[in-house]
Every structure is written in structure tokens, then in C-alpha cells.
Amino acid sequence: MDKILDIDNIDLKIISLLNEDAKTPYTEIAKKVFVSSGTVHVRMRKLEDMGIVKSATLNIDFSKLGYDISAFLGIYLEKSSLYDNVIERLKEIAEVINAYYTTGNYSIFAKIICKDTNHLRDVLNKIQKVEGIDRTETLIVLEESINRPIQLLEGKK
């Protein structure tokens, strides 16, 4: 396991603020953290170089783009040694937006998005044809109730 990298409270404040809204200008972050915007820029570069900050992403409402079904997929592998090959194949399926190697019942737990049930059926058929997958279980999302970043600073609610 990686050791905790050398970051301080200012780094954590910068990360927390950008985690809430990655589009926040560095000048605004600087005012809230009481440092210069140049300091925020240097700190962000350091956090990127350390591999803590990997990218800035958008939070997209896919339903407004016609993707009305989100589902989780529990994937059972024929053998755990096939994990790497299966993941490489899943990366080729655009509707698979997350995949995790897990303990418990499933070897892989994935999230997929689809336009409708017909699209979902097609994607499931594609996934179930991947060599190394024994079977799958699908859990369709009815509502996403919580989607938030972790709070890095204590006492903040």
C-alpha cells in the first residue's frame, strides 16, 4: 500500500474546493485558502506530479443525453486469472463506464449506462460473450440518491 504522500492542509483545502467544482478558477480558490493564485497553480502541479490529482472531470446527467438506464453488473469469472483479459475486453465496450475488481460474490462489479432496455439487452449480450466471463447479474438503478466526493477536511459538513 502506498504511504501517505507529503501534503499539507492547504493542499487538502485546494483539493476539497476543486472536488466540489473542478471549474473553479484558481484565483477564487486562492481567495478561499488565503494564498496567491500562483501558489494554487504550483500546488496543483505538485499534486498532479505526485499522482494525487489525475484529471478534472465533468459530472454529466446522461439521462438528458438519452441514456435513461444505469445498471450495475456483477460479473462472475470462469477463473480469477482471466481478470486482466476480461477487463481489456470490457474497456472496448463504451457503455461500461466503471469496473472494479472486488471481493465477495462477484469478481468484477461494473456500472453501465444504456439508452433503453433494448440497448441494455444488446450490451449485456455483448458482455456475456466476453471470453472468461462465466455469468452476470444485473441490478438496474432506480434512483441515484447520493453522489458526492469524500470530505477530506475534518469538521466540514
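Only a predicted model underlies this, so the values are computations on that prediction, with no experimental measurement involved. (Residues numbered from 1 in each chain as written. Predicted model: local features only at pLDDT ≥ 70, side-chain atom pairs only at ≥ 80, totals over all residues. Heavy atoms only, no water.)

## A look at helix α1 (residues 9–20)
Under the 1.5 Å per step criterion, the end-to-end length of α1 is 17 Å for 12 residues, consistent within 8% with the ideal 16 Å. Within α1, the full set of buried residues consists of D11, I14, I15, S16, L17 and L18. Put simply, D8 is the residue that caps the front of α1, since its side-chain oxygen is 3.1 Å from the backbone nitrogen of I10. (Helix = DSSP H or I, 4+ residues; strand = E, 2+ residues; numbered from the N terminus. Expected span 1.5 Å × (residues − 1). Buried < 20%, exposed > 50% of the residue type's maximum accessible area, 1.4 Å probe, protein only. Polar contact = N/O pair within 3.5 Å; in protein donor to acceptor, adjacent residues only side chain to side chain.)

## Focus on the UniProt feature "domain: HTH asnC-type" (unreviewed entry) in the protein chain
Residues annotated by UniProt as "domain: HTH asnC-type" (unreviewed entry) correspond here to residues 7–68. A helix fraction of 53% and a strand fraction of 0% characterise residues 7–68, whose end C-alpha atoms lie 40 Å from each other. (UniProt positions renumbered as here; feature names shortened; annotations may be inferred.)

## Brief notes about the nonpolar core
I75, V86, L90, I108, I112 and I127 are the most contacted members of the largest nonpolar core, which has 22 residues in total. Contributing elements (two or more residues each) for this core: β1 (69–77), α4 (83–90), β3 (108–114) and α5 (117–128). If we ignore the near neighbours within four places in the chain, the residues touching I75 are L90, Y106, S107, I108, A110, I133, R135 and T136. Core analysis: the next-biggest nonpolar cluster, separate from the first, contains 11 residues, L17, V40, M44 and V53 among them. (Core = buried A, V, L, I, M, F, W, Y, C linked by side-chain atoms within 4.5 Å. Contact = heavy atoms within 4.5 Å.)

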